[in-house]
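Read off the chains here:
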Amino acid sequence: MRKFLLLITVLVFCMAAFAGSLPQTAQAKTIFVTIGTGGITGVYYPTGGAIAKIVNQKRKIYGIRATVESTGGSVFNVNAVMAGDLEFGVVQSDRQYQAWNGLAEWKDKGPQKDLRAVFTIHPESITLVAAEDANIRTIQDLRGKRVNIGNPGSGQRQNSIDALENAGIDWKTDIKAEGVKAAEAPGLLQDGRIDAFFYTVGHPNGNIKEATSGKRKVRIVPITGVDKLLAKFPYYARAIVPVKFYPGATNKEDVETFGVKATFVTSIKVPDKVVYAITKEVFDNFEAFKKLHPAYSVLTKKNMLEGMSAPIHPGAMKYYKEAGLM
Ligand code: GLU
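This structure is a prediction, so every number in the text was calculated from the model and none was measured. (Residues numbered from 1 in each chain as written. Predicted model: local features only at pLDDT ≥ 70, side-chain atom pairs only at ≥ 80, totals over all residues. Heavy atoms only, no water.)

Q: Explanation requested: the overall build of the chain in the structure shown.
A: Regarding its fold elements, the chain presents 13 helices and 10 strands. In terms of principal-axis extent, the alpha carbons of the chain reach across some 80 × 45 × 35 Å. Contacts spanning at least 24 positions in sequence make up 75% of the contacts within the chain whose residues lie at least 6 apart. For the chain, the computed accessible surface area is about 15,300 Å², with 57% contributed by carbon and sulfur atoms. Considering the chain, the positive charge centre built from 42 side chains and the negative charge centre built from 30 side chains are found 8 Å apart. (Helix = DSSP H or I, 4+ residues; strand = E, 2+ residues; numbered from the N terminus. Contact = heavy atoms within 4.5 Å. Areas by Shrake-Rupley, 256 points an atom, 1.4 Å probe, with all protein chains shown as cover. Lys, Arg positive; Asp, Glu negative; His and termini not counted. Charge placed at Lys NZ, Arg CZ, Asp CG, Glu CD.)

Q: Could you clarify how one ought to interpret the site of the ligand in this entry?
A: What surrounds the ligand is a group of 14 residues, the closest being Val 43, Ser 74, Gln 92, Gly 155 and Thr 200. Separating an oxygen atom of the ligand from a side-chain N or O atom of Gln 156 is a distance of 3.4 Å. Coverage of the ligand by the protein chains reaches 98% of its 300 Å² of free accessible surface. Here the shell around the ligand is composed, by residue class, of four nonpolar, nine polar and one charged. (Near = heavy atom within 4 Å. Polar contact = N/O pair within 3.5 Å; in protein donor to acceptor, adjacent residues only side chain to side chain. Nonpolar A, V, L, I, M, F, W, Y, C, P; charged D, E, K, R; others polar.)

Q: What am I meant to see in helix 13 (residues 314-322) here?
A: The α-helix winds at 3.6 residues per turn, so residues separated by three or four positions along the chain end up facing the same way. Those residues of helix 13 that sit buried are Gly 315, Ala 316, Tyr 319 and Tyr 320. Seen along its axis, helix 13 keeps its buried residues to an arc of 135°; they face one direction. In this structure, the buried residues of helix 13 make contact with strand 4 (115-131) and helix 11 (272-284). Just beyond helix 13, the residue with positive phi is Gly 324, at close to 70°. (Buried < 20%, exposed > 50% of the residue type's maximum accessible area, 1.4 Å probe, protein only. Arc of directions from axis to C-beta.)

Q: Would you explain the pattern of salt bridges in this entry?
A: Pairing is possible between side chains of opposite charge, provided their charged atoms come close. Within the structure shown, the criterion is met by 12 salt bridges. Here Arg 146 and Glu 178 are joined by a salt bridge, their closest N and O atoms 2.8 Å apart. With Arg 146 in strand 5 (residues 146-148) and Glu 178 in strand 6 (residues 176-178), this pair connects stretches of sequence that are 32 residues apart. Using a relative accessible area of 32% as the deciding quantity, one classes Arg 146 as partly exposed. A residue is classified by how much of its surface remains accessible, and Glu 178, at 25% relative accessible area, is partly exposed. One salt bridge in this structure joins Glu 306 and Lys 302, with 3.5 Å as the shortest N-O distance. By relative accessible area, which is 61% here, Lys 302 ends up exposed. Several salt bridges converge on common partners, so that one network encompasses Glu 132, Arg 137 and Arg 219. (Salt bridge = Lys/Arg side-chain N within 4 Å of Asp/Glu carboxyl O.)

Q: Would you mind going over the environment of Thr 300 with me for this structure?
A: Along the chain, the position of Thr 300 falls in the loop between helix 12 (286-290) and helix 13. The exposure class assigned to Thr 300 is partly exposed, which follows from its relative accessible area of 35%. Put simply, Thr 300 and Gly 155 are 145 residues apart on the chain and 24 Å apart in space, counted from C-alpha to C-alpha.

The structure is reproduced here in structure tokens:
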């Protein structure tokens, strides 16, 4: 018996040593891809995590190892994917449109011709959060207040500016605009260093929970009177922030605002087989994927193919055709 045990132990050690020498060959075959997301308390970060989790489950089949990076948001993600620093990015639908067409932040750089769409994900609303003691009940009340409109790499910065301009408010002169990352805004609000902040984000999320759970009472402020804005920019649609997600907020009713969609993008330079694998795994495991975040409750396979402006990546298209989705 002893000898037998000894033999087994030696065998196990040999196998472990052999396996230890394997990674060189295994790693050479592994394709590492990184997904750019947003602040860790938003929905992009767990979204990148959900996609990575689904595809990494099939690592042995595809040899793909996906990881997630917390970033400054949509604009940063588009630029990093175009520069080849990231393979994938979660990006607002309006920003995908602007990057593809060379508008807004891409006005000087021109159309981002290598940008490709993969699919769209959850709805995001332009969420205006304000301290109760700052007496902000409408967007008009932001005049003279200290407001975080978002960091330059974020998606929300342009949305905040659009919402303010639509209300006749000049963000450079009529408010004291701050440009910090969304993840820092709830802390600043609670500390009394800002009066309000904008965040374009899916619901529920940790950021607004944090903002509405502190000592300072906080309200989600409706953004109404947006007819002209919706007519001018086709990528905006009416949206609601359900208050049930934020019991700490002083709101009694759901909050009217406008919104966009989160989308998943890549570059034409990313190989078809990689984009195919990720698309296939997300759609083939659709029900499991949907359970990974409450903001996905409204997703259908059909609406995940709506709201893309850039051409669909050929790897994704191959799957959609195979699956009869296109
Ligand atoms: N929509 C935000 C942006 O584009 C990010 C939202 C999130 O992280 O969930 O910057």
